[in-house]
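One-letter residues, chain by chain:
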There are 2 protein chains.
Amino acid sequence: MAKILITSGPTRQYIDPVRFLSNASSGRMGAALASAALEAGHDVTIISGPVEIAYPSQAVVKKVVTTEEMLQAAQDYFPSCDGVIGVAAPCDYRPSEVFPHKISKTGQKWHLSLEETPDIIATLGSTKRPRQWVVGFALETEDPRLRALRKMITKKCDLLVLNGPTAIDSLENQVEILHPSGKTLAIFQGNKMELGKKIFRMIEQNILESPDFV
Amino acid sequence: MAKILITSGPTRQYIDPVRFLSNASSGRMGAALASAALEAGHDVTIISGPVEIAYPSQAVVKKVVTTEEMLQAAQDYFPSCDGVIGVAAPCDYRPSEVFPHKISKTGQKWHLSLEETPDIIATLGSTKRPRQWVVGFALETEDPRLRALRKMITKKCDLLVLNGPTAIDSLENQVEILHPSGKTLAIFQGNKMELGKKIFRMIEQNILESPDFV
C-alpha cells in the first residue's frame, strides 16, 4: 500500500478582487486517478483548486485557490507520501501587481505584466528522496512529444502523461504515457474514469511494482 | 405575463487554447431571479456563461462562453422580450491578441495587452424601445453607490442592483436597489434564493406594475 498525493484541478491568479487568470480544468482526471488508486488499496490525499466535481469520499481533500497555495500544500504533504501524481493544471502566470480594488473601465487598453508562478511538479521533482516518485502531466498544442519529453527531464518525472487541449473540461481524453527513456509506453483513449484506471495501472507496473521504487 | 431575458454567470476570454481571463460568478443569483420570475408566471430566457449550477427547467437556457457570444445572443433575444435583467458578470477585458498555440514558459515576463469587451447592458439600454426595460447589476469595491449611479445612467438602466465583491460565488449576498432618481429603494441581505424573490418583487413594483412600462 502506498501513500499517494494527487494535485488536481485548476488554480486561479487574481488580478483584482474580481478578475482572475485560470483555465477550464475540471478535476475529473484527478478524481478518476484517485478512485483507481483507492480501489487498488492505496491511501490518497488530493490537493485541489476550485472545482465543482466531488472527489471520492475516502480521499483526504485539501482545497486551495492559487498556485502558491497549491505549492505550499504540496510541500507540506509530499514528504510523508511515496509519490505524487501531478494532474492539476496550475495557473502558470500571475500578474506582477495585484490591485486591491476592482479596476474600473476607462476605454483605454490595459497593459498587464505577467510573471511565471513557481512550478509545483518541478519543485517536488527536485526535492524527491530516493525511491520517492513523481508522475507529471503535460498539455501541449505544438510539438507535443518533444516538449513533453523535455518537461519530463527538467521536472525529474518518473513517468509523464501527455494530453492535448481537448482534454480540458471534457468527459473524454486521449493520452500518451511517456517513459524517461523516451519510449512511449502506451496510448489510451476513452472516458476519463476508464482512463484513470488504465493510467494508474501503468503507474503500478512501471513504478509501484518496479524494484527501483520498492 | 412578461417575457423576461436574464443574462447570468461569468464569461471567459481566452488568451491561448488553455488560459483565459474570467471571474468566479456562479450563476446562482441568475437562477434565483429566474425561479422568482417563473413563479410569478412570467416567461424566462436565460443566456448563461459557463456555470455548474442547474437553471430552472421551465426556463429556456442559451449557453455561451465569451462576452461577444453573450452580447450576440442578448441582441438576438432582447427585441422579442419586455425587459432584461443583467445579472451576468461578463469578462470586460479581452487580450488584444489571441494566441493559436499554448504559450510556453520562457522564464521571462509576459506583457499582455488587454482591451475592453463590448458592454452588454449598455448596448441593450441604448437600443431599448419605449416601455422596454433594463435592470442592471453592479459590483463595486470603491465608492460603490456613486459608481453604481453613474453606471445606471450611462447604461440607461431602469433599476440597478448594487452588490459587493463578497457576492461572487457565495450562497449569501447583500444588495442595494437603486432607482434612476438616485433614491435607494431597499437594502436586502440573505441567501440568494430569498434575495432573488425580494429583488424580483422590487422589479414588479417599480417596473412591471408601473404605468410607465405597461
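Thresholds, definitions, all that
- Counting starts from 1 at the beginning of each chain's written sequence and moves along it residue by residue.
- Chains and ligands are labelled by the order in which they are written, letters from A for the one and numbers from 1 for the other.
- Confidence filtering applies because this is a predicted model: local features only for residues at pLDDT of at least 70, side-chain atom pairs given and counted only at 80 or more, and all residues used for totals across whole chains, interfaces and linings.
- As a rule here, side-chain values come from all non-hydrogen atoms in the structure, and water together with hydrogens is ignored.
- Strands are runs of DSSP state E lasting at least 2 residues, helices are runs of H or I lasting at least 4, and numbering of each runs from the N terminus.
- Only the C-alpha atoms count toward the radius of gyration. The rule for a globule is 2.2 Å times the residue count to the power 0.38.
- Summary of the burial criterion: residues with accessible area below 20% of their type's maximum are buried, those above 50% are exposed, and those between are partly exposed, where the area comes from a 1.4 Å probe applied to protein chains only.
- In this description, contact between two residues means that some pair of their heavy atoms is separated by no more than 4.5 Å.
- All accessibility values rest on the Shrake-Rupley procedure with a 1.4 Å probe; residue burial counts only the protein chains present in the view.
- For Phe, Tyr and Trp, rings pair up if their centres lie within 6.5 Å, where Trp contributes its six-membered ring, and each pair is then called stacked (planes under 30 degrees apart), edge-to-face (over 60) or tilted (otherwise).
- Whether two strands pair depends on DSSP finding at least two bridges between them.
- To obtain an axis, a line is fitted to C-alpha atoms, over the contacting stretch when the element is a helix, and the angle between two such axes runs from 0 to 180 degrees between their N-to-C directions.
- Each polar contact in these results corresponds to two N or O atoms within 3.5 Å; when the atoms are within protein, one needs to be able to donate a hydrogen and the other to accept it, and residues that are neighboring in sequence are counted only if both atoms are side-chain atoms.
- Overlaid copies result from least-squares superposition on C-alpha atoms, with residues included only where pLDDT is at least 70 in both.
- What gets called buried area is simply the loss in accessible area from a 1.4 Å probe that two parts show on being joined, summed for both.
- The salt bridge definition used is simple: a Lys or Arg side-chain nitrogen within 4 Å of an Asp or Glu carboxyl oxygen.
- Predictor confidence is given residue by residue as pLDDT, running from a minimum of 0 to a maximum of 100.
- Only a pair of cysteine sulfur atoms within 2.5 Å counts as a disulfide in this structure description.
- The reported arc concerns the directions from the helix axis to the C-beta atoms and nothing else.
- Geometric relationships in this document are graded by angle, where less than 35 degrees denotes roughly parallel, more than 145 denotes roughly antiparallel, 65 to 115 denotes roughly perpendicular, and other angles denote oblique.
- In this scheme, a crossing is called left-handed if the near helix is turned counterclockwise away from the far one by less than a right angle; it is called right-handed if the turn is clockwise.
- As a working rule, the residues Ala, Val, Leu, Ile, Met, Phe, Trp, Tyr, Cys and Pro are called nonpolar, Asp, Glu, Lys and Arg charged, and the rest polar, with Gly in that last group.

Details of the overall build of chain A
Thought 1: Within chain A one finds five helices and 12 strands.
Thought 2: The C-alpha atoms of chain A give 17 Å as radius of gyration, which agrees with the globular expectation for 214 residues (17 Å, within 12%).
Thought 3: Projecting the C-alpha coordinates of chain A onto the three principal axes gives extents of approximately 60 × 35 × 35 Å.
Thought 4: Counting across all 214 residues of chain A, residues that qualify as buried make up 54%.
Thought 5: Across chain A, contacts joining residues at least 24 apart in sequence account for 62% of those joining residues at least 6 apart.
Thought 6: Accessible area for chain A stands at about 9300 Å²; split by element, carbon and sulfur atoms hold 51% of it.

What about the packing of aromatic side chains?
Thought 1: Throughout the structure, instances matching the rule amount to six aromatic pairs over all chains.
Thought 2: Their ring planes at 75° and their centres at 5.1 Å tell us that Tyr14(A) and Phe20(A) sit as a pair that is edge-to-face.
Thought 3: Tyr14(A) gets classed as partly exposed once you look at its relative accessible area, which sits at 25%.
Thought 4: Centroid distance Phe99(B) to Trp110(B): 6.0 Å. Interplanar angle 65°. Geometry classified as edge-to-face. One end of the pair, Phe99(B), is in the loop between strand 7 (93–95) and strand 8 (110–116); the other, Trp110(B), is in strand 8, and 11 residues separate them in sequence.

Describing the sheet that holds strand 8 of chain B
Thought 1: In space, the four strands of this open sheet follow the order 7(A)-8(A)-8(B)-7(B), with antiparallel pairing throughout. Each edge of the sheet is formed by a strand with only one pairing partner; in this case those strands are strand 7 (93–95) of chain A together with strand 7 of chain B. Strand-to-strand twist across the sheet, computed as the mean angle between neighbouring axes with direction ignored, equals 45°.
Thought 2: Alignment of strand 7 of chain A against strand 8 (residues 110–116) of chain A, held across three bridges, turns out to be antiparallel. Its bridge partner being in strand 8 of chain A, Tyr93(A) is matched across the sheet by Glu116(A).

Some thoughts on helix 5 (residues 192–208) of chain A
Thought 1: Looking at helix 5 of chain A, one finds that the buried residues are Lys192(A), Leu195(A), Gly196(A), Ile199(A), Phe200(A), Met202(A), Ile203(A), Glu204(A) and Ile207(A).
Thought 2: The N-capping residue of helix 5 of chain A, defined by a side-chain oxygen 2.9 Å from the backbone nitrogen of Met193(A), is Asn191(A).

Observations regarding the relation of the copies chain B and chain A
Thought 1: For the match of chain B to chain A, the screw axis carries a shift of 0.0 Å, the RMSD comes to 0.0 Å, and the turn is 180°. What the rotation and shift describe, once combined, is the action of a two-fold rotation axis.

Overview of the interface of chain B and chain A
Thought 1: Contact residues are listed per partner, giving 41 residues for chain B and 41 residues for chain A.
Thought 2: The largest contributions to the chain B side of the interface with chain A come from Tyr93(B), Lys102(B) and Lys105(B), which together make up 17% of the buried area.
Thought 3: Seen at the junction of chain B and chain A, the total is four salt bridges.
Thought 4: With its nearest N and O atoms 2.9 Å apart, the salt bridge here joins Arg19(B) to Asp92(A).
Thought 5: If you list the elements that add at least two residues to the side of chain B that touches chain A, you get strand 3 (19–23), strand 8 and helix 4 (144–154) of chain B.
Thought 6: The element contributing the most residues to the side of chain B that touches chain A is strand 8 of chain B, with seven residues.

Things to note about the sheet that holds strand 2 (residues 13–14) of chain A
Thought 1: One open sheet accounts for four strands, arranged 2(A)-3(A)-3(B)-2(B); its pairing is antiparallel. Two strands bound the open sheet, and with one partner strand each, they are strand 2 of chain A together with strand 2 (13–14) of chain B.
Thought 2: Pairing geometry for strand 2 of chain A and strand 3 (residues 19–23) of chain A, over two bridges, is antiparallel. Bridge assignment links Tyr14(A) to a residue of strand 3 of chain A, and that residue is Phe20(A).

With respect to the confidence of the model for chain A
Parts of the model with low pLDDT should not have their predicted coordinates read in detail.
Thought 1: Of all residues in chain A, 100% have pLDDT values of 70 or greater, and the mean over the chain is 94.
Thought 2: For this predicted complex, the interface score ipTM comes out at 0.91, alongside a pTM of 0.92.

Brief notes about the side chain of His42(A)
Thought 1: Examined against the element boundaries, His42(A) turns out to sit in the loop between helix 1 (28–39) and strand 4 (43–48).
Thought 2: A distance of 2.9 Å separates the side chain of His42(A) from the backbone nitrogen of Ala2(A), its partner in a polar contact.

Side note on the state of the cysteines
Thought 1: Overall, the coordinates contain zero disulfides over all chains when judged by the stated rule.
Thought 2: The closest cysteine sulfur to the non-disulfide-bonded Cys91(B) is located on Cys91(A), 13 Å from its own sulfur.
Thought 3: Relative accessible area serves as the criterion here: at 5%, Cys91(B) is assigned to the buried category.

Concerning helix 2 (residues 67–77) of chain A
Residue and element names in this part refer to chain A.
Thought 1: Taken residue by residue, helix 2 has Thr67, Met70, Leu71, Ala73 and Ala74 as its buried positions. Down the axis, helix 2 shows its buried residues gathered within 165° of arc, on one side only.
Thought 2: Along its buried surface, helix 2 packs onto strand 1 (3–8), strand 2, strand 4, strand 5 (60–63) and helix 3 (120–127).

Here we look at the side chain of Arg19(A)
Thought 1: Along the chain, the position of Arg19(A) falls in strand 3.
Thought 2: On the basis of relative accessibility, which here comes to 6%, the residue Arg19(A) falls in the buried class.
Thought 3: Within the structure, the side chain of Arg19(A) is placed 2.9 Å from the side chain of Asp92(B), a separation counted as a polar contact.
Thought 4: Apart from the residues within four sequence positions on either side, Arg19(A) is in contact with Gln13(A), Tyr14(A), Lys102(A), Ile103(A), Trp110(A), Ser22(B), Asp92(B) and Tyr93(B).

Re the pairing of strand 4 of chain A
Residue and element names in this part refer to chain A.
Thought 1: Burial analysis of strand 4 places five of its six residues in the buried class, which makes it a mostly covered element.
Thought 2: Judged from the six bridges that link them, strand 1 and strand 4 form a sheet pairing that is parallel. Pairing of isoleucine 4 across the sheet is with valine 44, part of strand 4.
Thought 3: When strand 4 meets strand 5, the two strands line up parallel, connected through four bridges.

So, the packing of helix 2 (residues 67–77) of chain B against helix 3 (residues 120–127) of chain B
When two helices pack together, their arrangement is captured by the angle between the axes and the distance separating the axes.
Residue and element names in this part refer to chain B.
Thought 1: Two elements in contact, helix 2 and helix 3, have axes separated by 10 Å at closest approach and are oriented at 25°. Overall, the two elements helix 2 and helix 3 adopt an arrangement that is roughly parallel. Along this stretch, helix 2 crosses helix 3, giving a crossing that reads as right-handed. Within the contact between the two elements, helix 2 uses Thr67, Met70, Leu71, Ala74 and Gln75 and helix 3 uses Ile120, Thr123 and Leu124.
Thought 2: The residue inventory of the contact of helix 2 with helix 3, partitioned by class, reads five nonpolar, three polar and no charged.

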